[in-house]
Amino acid sequence: MTHSVSTLAVTRHLDRLSLASRQQVLLRAVPPLATPLFVWLTVVLGSPFHPLLTALLVLLAVGSALLPDSSVPLFLVLTLAATWALQVPQTLSWWTLVAALLLLAIHLACTLCGYGPPALALDRATLSAWATRGLLMASATAVVWLGTLLLAGLDLPAGPVPMVAGLAVALGWTAYLGRRLLTR
Amino acid sequence: MSAPDLPPGVRAVSAGWRPTPALVRAGLVSAGLAAVAVGFGRPDLLVLATPFVVHAAAGLLRRPSTTPTATTRLAHTAVREREATTLHVRVGGAEQVEHAVVALERVPTVAARPAAGVVGAAGDGSPDLGVDVVVSSLRWGHRILGAGVVAATGPWAAHVWGPHPVRGQPLTTLPLPGAYDSRAPVPHPIGLVGTHPARVTGDGTELASVRPFHPGDRLRRIEWRTSLRSGELHVTSTVAEQDSSIMLVVDCGTEVGTSDPVAGTVSSLDVSVRAAGALAEHYLHRGDRVGLRVLGAVRRGVVPLSSGRRHLRRVLDELARTVPGQRQELDPQRLRVPPGAVVIVLTPLLSDQSVLLVTTLAQRGLDLVVVDTMPDDVVARAATDRDRIAWRMRLLERAAVLDRVRRAGVPVAAWSGPGTLDEVLRGLGRRARQPRAVRR
């Protein structure tokens, strides 16, 4: 019975996907395209190539294309970020900015796909608003990247104060998010 | 839409707003990366986290506070087949709605524009946000149109309301009468004023005879050439033109063939209903009286004889209510037919009841015509060879029934649009002028 129900759900989902608008097809193509680019970037920056990890990432990317309004894109982005954190040596080169923009592209594509069923074609006003927001987020990323470059260039004294301050900000942000996300 | 308004079996996901997966993703990724960046002194991770921080912060700061409501309304309550109407979905309390989307249930007999029935609209900050979907009913009948779901998204796609079910609205789809025209007169026009030549003389345009002048004759009727030749005043007399009564009997007990408006295939009931609509429209436009009886309908299914444009709407409305496959025994003796009326039975002649009705009405001496509404592609459209053979055998049996009906003196004509009934009506007219024995 469970099998038949799940088969039915998959069939329904594929039926809905068959009606996908051209815009949705383009947006859903972003995660499977951006993920290999991100992996290639990590390899370029010195990370060893892991076939299993790459296969998992490709699987998650395809899952994100099929189910952009689910938790799959979250796992994809977290896995990509973890790959970067664990495999890539600390760097503030141009590639860092490119990696951030690739993650942003995956996130934005899945967000836009989540507005409705696959057959939905978003209107010009909504797309225009998101183009502006995307630029804003990309600009903020560039500003932070420049800021970190600047701070790295300064010879700041080592000590516990900057670390504690940063941790406090991060924890405060996490607590705020948790309260807002969990409270309805 | 509040929870109690939901149809049975449908569960609301949430009555209010809830975070979208996009916001959850932005929040968790930003928090995780920021914590690791600070904890392990990795500024590059802070760069990766930045866009997510911006999205999460913007989404949380602009969390919607008002709960929207959704209502639906159809622009028309009745349309003809394939006519389009608009389903207005109004989202109230939409000041903080950035985008609303409506997804209609897919129904085979309903077409929507766009074809998938999914339409979205961007909010502009006004309290009401309207989403219009153009829908078209492809087949006659009464149906609920516009059932589906509606969802609204808040600023930065951070919160979503719904999807909530929206109720459909009832829509009557009147059958689109097929093309029909006839030049044949109806056999027994016994009404008042109409277009059919009657058996009595009176005011009209068709010449009946030239006879001697009687007091009271109008001067303009004097036939001068005959009067001069005979030396006695003669006048022309004309055949009176009267209206007639047409009783349409639609057999809905059996429906064969596939009714697929998209593929363009029709069932026997489609042919019957559209042909009845065409006949009603034709005769009502000519000033005749038309009645309708739906044979097999569980509900009353009767439209009494009457005339006029409004009556056409009544007939079409009753035809739209026809439900196929119903079986309600009808005693043919109880079918009231006024004197002089022509009974037109639209049937595929596949059920014993319809054959019994036809033969019984013929025995009552009524002017009766059977319109054969059997689709001619049932054998070709059979799914398997076995079905094909079965249909051939059934059609052979039906041919025998048709012979029996014809031997009973009932003309049978397959529906073919304009001129379908011309020959049989002329035949009835000729027969009406002959003496005959009738069993009563």
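In the block above lies the structure referred to throughout.
Residues numbered from 1 in each chain as written. Chains lettered and ligands numbered in written order. Predicted model: local features only at pLDDT ≥ 70, side-chain atom pairs only at ≥ 80, totals over all residues. Heavy atoms only, no water.

Undergrad: I'm lost on the overall build of chain B in this one. Help?
TA: Helix and strand content of chain B: 8 helices and 21 strands. Each of the 440 residues in chain B was classed as buried or not, and the buried ones make up 52%. In chain B, the proportion of contacts linking residues at least 24 apart, taken out of those at least 6 apart, comes to 72%. (Helix = DSSP H or I, 4+ residues; strand = E, 2+ residues; numbered from the N terminus. Buried < 20%, exposed > 50% of the residue type's maximum accessible area, 1.4 Å probe, protein only. Contact = heavy atoms within 4.5 Å.)

Undergrad: Please clarify how helix α5 (residues 309–320) of chain B should be interpreted in this entry.
TA: Every α-helix carries 3.6 residues per turn, so stepping three or four residues along brings you back to the same face. Spanning 12 residues, α5(B) covers 17 Å between terminal C-alpha atoms, matching the ideal 16 Å at 1.5 Å per step. Of the positions making up α5(B), those classed as buried are B:H311, B:L312, B:V315, B:L316, B:D317, B:E318, B:L319 and B:A320. (Expected span 1.5 Å × (residues − 1).)

Undergrad: How should the packing of helix α6 (residues 94–113) of chain A against helix α7 (residues 124–153) of chain A be read in this particular structure?
TA: Packed helices, taken two at a time, are described by their axes: the angle between them and the distance between them. All names here are of chain A. The geometry of α6 relative to α7 is characterised by a closest axis approach of 10 Å and an angle of 155° between their N-to-C directions. The orientation of α6 with respect to α7, classified from their angle, is roughly antiparallel. The interaxial crossing formed by α6 with α7 has right-handed handedness. When α6 is examined against α7, the residues W94, T96, L97, A100, L101, L104, L108, T111 and L112 are found in contact with a partner set consisting of W130, G134, M137, A138, T141, A142 and W145. (Axes fitted to C-alpha atoms, helices over the stretch in contact; angles between N-to-C directions. Parallel < 35°, antiparallel > 145°, perpendicular 65-115°, else oblique. Left-handed = near helix turned anticlockwise from the far one by under 90°.)

Undergrad: How do you make sense of the pattern of salt bridges when you look at a structure like this?
TA: Opposite charge on two side chains lets them pair, provided their charged atoms get close. For the coordinates displayed, the defined rule picks out 11 salt bridges over all chains. In this structure, B:E98 engages A:R133 in a salt bridge whose closest nitrogen and oxygen atoms are separated by 2.4 Å. Here B:E98 is found in the loop between β4 (84–92) and β5 (99–104), whereas its partner A:R133 is found in helix α7 on a different chain. Judged by relative accessible area, B:E98 falls into the buried class, the value being 15%. (Salt bridge = Lys/Arg side-chain N within 4 Å of Asp/Glu carboxyl O.)

Undergrad: Teacher, can you tell me more about the pairing of strand β19 (residues 342–347) of chain B here?
TA: On any regular strand, side chains alternate: one points to one face of the sheet, the next to the other face. Residues and elements named next belong to chain B. The buried count for β19 comes to 6 of 6 residues, which makes it a mostly enclosed element. Residues of β19 alternate between two faces, with V342, I344 and L346 on one and V343, V345 and T347 on the opposite face, all of them buried. As defined by bridge partners, strand β16 (residues 245–251) adjoins β19 across 5 bridges and the pair is classed as parallel. Counterpart to M247 in the pairing with β19 is V343. Pairing between β19 and strand β20 (residues 367–372): 6 bridges, direction parallel. Across the sheet, residue T347 finds its bridge partner in β20, namely D372. (Pairing = 2+ DSSP bridges.)

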